[in-house]
Amino acid sequence: MIRVSLLLIAICVSASHLAAQTPKVWIYSDISDPTLAGNNKEGTINDPDDVSAMAGYLLLANEFETLGIVVTSTHRGEHATTPDQAAWADQYFGEAYRSEVAALNESLDGYPDDITFQQSCIKESAERFDPRNDYVSLDSYDTVAALLNRAQQDDVSPSDPIHVLCWGSLTEPAILVKHCLTTGKANVLKRMKFIAHWTNSSLHQGTPAHPEHVANCREDAKACAYLKSVAAQSKIVYHECGAIGQHGIVSGAPSGKDYFEAFRTSRLGTLFVEGKFAYGSVDHSDSATYWVLMPGFGVTLDDIPADGTNTPAIERANEQAFRKHSRRIHDELLRRSQLAAGDKAD
């Protein structure tokens, strides 16, 4: 019965993938090596939930055109002296991906041979956004300049934009937007869609009076406020997911170690499970930012306003939709994890 269900999911995903244009994706993540000791409740420098979200993304990598992944886009002072985190990500994720991509491509088409990582320009400085700065020069912000340069290439357009997934601080996206508006590149911003995880919520952490009082917005409050104001003026497209990843996908997941032990047959599946396992399931809440790009799993960008707003009614509806589809989401990840291990379905 499980194999039949997974096969039906596979058919639906493959059909939607063929029918739709493959979304271009750029990721800004605060992810860092979870073996580096820090002061958060997990004893790490950064919350390891992004580790699980990244492993899940790599299992789905044929559904996207990955243009860039920036790691350690964060404000933790400890990172001033930590090792190169792009090198860590290449070893931690890249080696696992490269070892299993052939098996994935035997059953599913379109996985790139390799996926690379860049270390954030703010990793060592922990710099926050300054709205008084015009950011005319991006000489000190190589990972911001890299996204800008990619957005200016001919294969990117308003009809085929780069989806900028924001898994933590909004510092680098804010610098990019301020630079473009200051230097007369507003047209380039029309080639991007920003999709943010939990920088606003009236239902979780935040309140109806202060929905911005959530961790990812507080991380760089000025950057968050700036992007929200620019989105309200329709100068950028900004889709605010709110907490629907945590309280929809994660909370609705199958519970218990027995289900998730099946992921351990592959290296990528093992990284998914071991990134952050809490309360009987995997915490990969940032994954909402890419599941909304895949039709058929409960929530799409059409369900999320493009002006940065996130009303309680919309967040509640999207949370419930993801919760309803959470089992299918996890079964799809499990199917791909098993394929990565060379376990072909009958």
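Residues numbered from 1 in each chain as written. Predicted model: local features only at pLDDT ≥ 70, side-chain atom pairs only at ≥ 80, totals over all residues. Heavy atoms only, no water.

Below, the discussion takes up the nonpolar core. Ranked by internal contacts, the top residues of the largest apolar core, which has 57 residues, are Phe93, Tyr290, Trp291 and Phe322. Excluding residues that lie within four positions of it along the chain, Tyr290 makes contacts with Ala53, Gly56, Tyr57, Leu60, Phe64, Leu165 and Trp167. (Core = buried A, V, L, I, M, F, W, Y, C linked by side-chain atoms within 4.5 Å. Buried < 20%, exposed > 50% of the residue type's maximum accessible area, 1.4 Å probe, protein only. Contact = heavy atoms within 4.5 Å.)

We now examine the pattern of salt bridges. Using the criterion set out here, one finds 18 salt bridges in the structure. Lys24 is the partner of Asp160 in a salt bridge, and the nearest nitrogen-oxygen pair spans 2.6 Å. On the criterion of sequence distance, the pair formed by Asp160 in the loop between helix H4 (142-151) and strand S4 (162-166) and Lys24 in strand S1 (residues 24-28) is long-range, its members being 136 residues apart. The class of Asp160 is buried, set by a relative accessible area of 12%. When its relative accessible area of 4% is taken as the criterion, Lys24 is described as buried. Residues Glu274 and Arg264 are paired through a salt bridge, measuring 2.6 Å at the closest nitrogen-oxygen approach. With Glu274 in helix H11 (residues 267-275) and Arg264 in the loop between helix H10 (257-261) and H11, this residue pair connects regions lying 10 residues apart in the sequence. Each of Lys24, Glu65, Arg150, Asp155 and Asp160 takes part in one network of salt bridges that share partners. (Salt bridge = Lys/Arg side-chain N within 4 Å of Asp/Glu carboxyl O. Helix = DSSP H or I, 4+ residues; strand = E, 2+ residues; numbered from the N terminus.)

On to helix H13 (residues 312-340). For the α-helix, the turn length of 3.6 residues means that residues three or four positions removed from each other point alike. Helix length check: H13 (29 residues) gives 39 Å between terminal C-alpha atoms against 42 Å at 1.5 Å per residue, within 8%. His325 marks where H13 bends most, by close to 50°. Downstream of H13 by one or two residues, Gly342 has phi in the positive range, about 85°. (Expected span 1.5 Å × (residues − 1). Bend = angle between axes of the 7 residues up to and from the residue.)

Within the secondary structure, Thr74 sits in the loop between strand S2 (65-71) and helix H3 (85-107). Those residues within four positions of Thr74 in sequence are excluded, and the remaining contacts are Asp30, Asn46, His79, Ile122, Ala126 and Glu219.

Considering every residue of the protein chain, the mean pLDDT works out to 94; 93% of them sit at 70 or more. Here residues 1-5 scores under 50 on pLDDT; set against residues more than four positions off or in separate chains, the count is four contacts. Within the model, the stretch residues 14-19 combines pLDDT values under 50 with four contacts to residues more than four positions away or in other chains. (pLDDT = per-residue confidence, 0-100.)

Turning our eyes to something else, we now look at unusual backbone geometry. Backbone geometry at Gln205 places phi at a positive 70°, although glycine is not the residue there. Relative to the elements of secondary structure, Gln205 occurs in the loop between strand S5 (192-196) and helix H7 (215-218). Positioned with a positive phi, Ser234 is a non-glycine residue whose angle comes to about 65°. Within the secondary structure, Ser234 is located in the loop between helix H8 (221-232) and strand S6 (237-240).

Following both chains from N to C, one finds H3 and H13 inclined at 115°, their axes separated by 7 Å at the closest point. Here H3 is positioned roughly perpendicular relative to H13, judged by the angle of their axes. Contacts between H3 and H13 involve Glu100, Ala103, Leu104 and Ser107 on the former and, on the latter, Arg336, Leu339 and Ala340. Its residues placed into classes, the contact of H3 with H13 shows four nonpolar, one polar and two charged. (Axes fitted to C-alpha atoms, helices over the stretch in contact; angles between N-to-C directions. Parallel < 35°, antiparallel > 145°, perpendicular 65-115°, else oblique. Nonpolar A, V, L, I, M, F, W, Y, C, P; charged D, E, K, R; others polar.)

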